[in-house]
Amino acid sequence: MMLSRPAISPSALAVAAALVVLAFLSRCDAEIRRTEIRSDNRRIIPLDDFGFTHRGQLELNASRIVFDPKPSPSSEPLSNIGFFLCTRDAWFNVLKQLQDSDITCALQSQYIKLVYTLEKLGSNEDRFATVFSQDDANQYTLVFANCLSQQFRVSMDIDSAMYNLDGKSGTRDYLSAGKTVLPRIYFVFSLIYFVLSVVWVNVLYKKRVTVFKIHFFMLAVVLLKGLNLLCEAEDKSYIKRTGSAHGWDILFYIFSFLKGIILFTLIVLIGTGWSFLKPYLQDKEKKVLMIVIPLQVIANIAQIVIDETSPYGHDWATWKQLFLLVDVVCCCAVLFPIVWSIKNLREAARTDGKAAVNLMKLTLFRHYYIVVICYIYFTRVVVYALETITSYRYAWTSVVAAELATLAFYAFTGYKFRPEVHNPYFALDDEEEEAAAEALKLEDEFEL
Ligand SMILES: *[C@@H]1O[C@H](CO)[C@@H](O)[C@H](O)[C@H]1NC(C)=O
C-alpha cells in the first residue's frame, strides 16, 4: 500500500508508546478508588461521584491517618473533620448556610449525609473501616471536610467503593445508576458492527470485479470498531461485577487507538479520492496524517487518564480539556486535505479535460465532506452537551446518541462508496476516463 509505507515507523513508535503508558495506567482500579492525601490543609476535598439507587452502599476505609501538628481534642474537636455524601443541589444550600454563618463547617449542615467523623477514631488508631447505606436514590459526591484551623494538615490513604445492591439477588453493581446498562448497550452495538462486517464481506465478494483496496480498508475499520465495542462491553461488565478493570481495558485502549488512526486515515483517503481518483496521496496529505497520528496517541493517553482517575483527581479537568482539544484538532486537520483536493482539481480543470471529469466527481465528495463535519460536530459537541445536561439516571443516553451517530456515519460511508460499476463516486477505468476526456475536448472544440 502506497500510503502505509511512510506512515509505518511513526505509527509503530506510537503504538509502542501507547503500550508503555497502558502498562503504567491499567493498574489503577476503576470504581473502587484509592485516594492519597498528603499533608493537605484544604477544607473541602471532593473524592468521587456515584449515582445511587434505593439500595446503595458506600464502603469507606482510611488508613495511615496522620495530623501535622497533632490537634488537642479540647481546642480542635475531631468532630470537625470527616466524610460526607452530598448531592449537587444540597451543596448549594450548604454553601448558603456557610455564607450566612448558620454553620461553621459543612459537616454540621442538615443537608448532607454524614458518613464518618474522626471523632469516632480511638486515641491510638490511625485507621478505620465503615459501611454506609444510602437509600435516597440520587447522584452523590463523596467529600472529605477538614474544618480545623488552617495550620492542621492531614495525610491519609482513602479506599472507597460505591455500589448498588441488585433488586432480588442482592449482588453488587459497581456501575453508577445511569451506567449500569452500558455493558448491554456496547454489546448490542458490537453485534451490529459484526453483522455489518459480514454484510460488507458479502458485498465485496459479489462485486469483486469493482473492488478497490480502500474497500478492504473500510472492512478493517468496521471490524476494529466491533472489537473495540466488544472489549468495552466486557470491560464495563467486569467493572460492574467486581468494581475494578481487569485486562479488557488494555485491549479496549489498543483497539480504540487503532480504530482512531484508521478511521481518520480512511476519512482522508475517501475524502481526497484516493484509490478512486488517484493512486497516491500527495505530500501535504501525508503530512496531515503524520500530525493526526501522534495527536491520536495523545488523545488516547488523555482518554485513559480520564477513565481511570476520579473526576476530582489531580489534573483531571486538564486532561479532559486536552482530550477535547486534540480530538477537535484531529477532526479539523483531516478536513484540510479534502478542501485542498477540491481546490487543486478545480484549478487543474481549467486547463485539462481529464481533470474536469475528476472535478465533477470530486464535487460529489462535497456531500461527504458535509456529512463528515456533521458527524464530528454531533459526536464532539452535541454528545458532550448531552452528557452535561442529562440527569445521572440517563447517563447512558449520551453513549447511545454517540454510537447511533457513529453507526449512521459508517453506514452512510459504506453505502456511498460501495463497490459498484455505476457508482458515480468511483473513477471510471482508464479507457472510459480517456473517452470521457476526449468527449470533453470535443465539446470544447465544438464550442470554439
Ligand atoms: C475495607 O475494609 C474491609 C475490612 O477490612 C474490607 O473487607 C473491604 O474490602 C475494604 N474496602 C475497600 C473499598 O477497600
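Anything mentioned here points back to the structure above.
Our subject in this report is the structure included herewith.

Reading the values: rules and limits
Residues numbered from 1 in each chain as written. Predicted model: local features only at pLDDT ≥ 70, side-chain atom pairs only at ≥ 80, totals over all residues. Heavy atoms only, no water. Near = heavy atom within 4 Å. Polar contact = N/O pair within 3.5 Å; in protein donor to acceptor, adjacent residues only side chain to side chain. Helix = DSSP H or I, 4+ residues; strand = E, 2+ residues; numbered from the N terminus. Nonpolar A, V, L, I, M, F, W, Y, C, P; charged D, E, K, R; others polar. Expected span 1.5 Å × (residues − 1). Buried < 20%, exposed > 50% of the residue type's maximum accessible area, 1.4 Å probe, protein only. Phe/Tyr/Trp six-rings, centres within 6.5 Å; stacked < 30°, edge-to-face > 60°. Lys NZ or Arg CZ within 6 Å of the ring centre and 35° of its normal. Salt bridge = Lys/Arg side-chain N within 4 Å of Asp/Glu carboxyl O. Pairing = 2+ DSSP bridges. Core = buried A, V, L, I, M, F, W, Y, C linked by side-chain atoms within 4.5 Å. Contact = heavy atoms within 4.5 Å.

## Comments concerning the site of the ligand
If you check the shell around the ligand, you find Glu59, Asn61, Asp159 and Ala161 and nothing else. In this structure, asparagine 61 approaches the ligand through a side-chain N or O atom, which is 2.3 Å from an oxygen atom. Elements that contribute at least two residues to the shell around the ligand include exactly strand E3 (56–68) and strand E8 (153–165). Residues that form the shell around the ligand fall into these classes: one nonpolar, one polar and two charged.

## Focus: helix H5 (residues 248–272)
Along its 25 residues, H5 runs 36 Å from first to last C-alpha, staying within 8% of the 36 Å computed at 1.5 Å per residue. Among the 25 residues of H5, 20 are classified as buried, and the element is accordingly described as predominantly covered.

## Thoughts on the packing of aromatic side chains
Inspection of every chain in the model, using the stated rule, returns 10 aromatic pairs. Judged by centre distance (3.7 Å) and plane angle (5 degrees), the ring pair of tyrosine 116 and phenylalanine 128 falls under stacked. With tyrosine 116 in strand E5 (residues 113–117) and phenylalanine 128 in strand E6 (residues 128–134), the pair connects residues that are 12 residues apart, well separated along the chain. On the accessibility criterion, tyrosine 116 (9% relative accessible area) is buried. Of the residues examined, phenylalanine 128 reaches a relative accessible area of 7% and is grouped as buried. Members of the aromatic cluster, connected to one another through ring pairs, are Phe83, Tyr116, Phe128 and Phe144. When the ring centre of tyrosine 415 is taken as reference, the NZ or CZ atom of arginine 418 above it lies at 4.2 Å.

## What to know about the pattern of salt bridges
Counted according to the given criterion, the structure contains 15 salt bridges. Between arginine 172 and glutamate 59 there is a salt bridge; the shortest N-O distance is 3.3 Å. Within this pair, whereas arginine 172 is found in strand E9 (residues 172–173), its partner glutamate 59 is found in strand E3, the two being separated by 113 residues in sequence. Look at arginine 172 and you get partly exposed, because its relative accessible area is 40%. Note that lysine 225 and glutamate 403 form a salt bridge whose closest N and O atoms lie 3.3 Å from each other.

## Considering the pairing of E6
Looking along a regular strand, one sees the side chains alternate between the two faces of the sheet. Only one face of E6 is buried: it carries Phe128, Thr130, Phe132 and Gln134, and the other face, with Ala129, Val131 and Ser133, is open. As defined by bridge partners, E3 adjoins E6 across seven bridges and the pair is classed as antiparallel. Residue pairing across strands places glutamine 57 opposite serine 133, the latter belonging to E6.

## Brief notes about the nonpolar core
Within soluble globular proteins, side chains that are nonpolar tend to cluster in buried spots. Ile267 and Phe409 are the most contacted members of the largest nonpolar core, which totals 56 residues. Among the secondary structure elements, those contributing two or more residues to this core are helix H3 (182–206), helix H4 (213–242), H5, helix H6 (283–308), helix H7 (316–351), helix H8 (353–389) and helix H9 (396–416). For this core, the element with the most residues is H5, which contributes 11 residues. Setting aside anything within four residues of it in sequence, one finds phenylalanine 409 in contact with Leu263, Ile267, Tyr368, Val371, Val372 and Tyr375. Ranked by size, the runner-up nonpolar core spans 28 residues in total, among them Ile45, Phe128, Leu148 and Met162.

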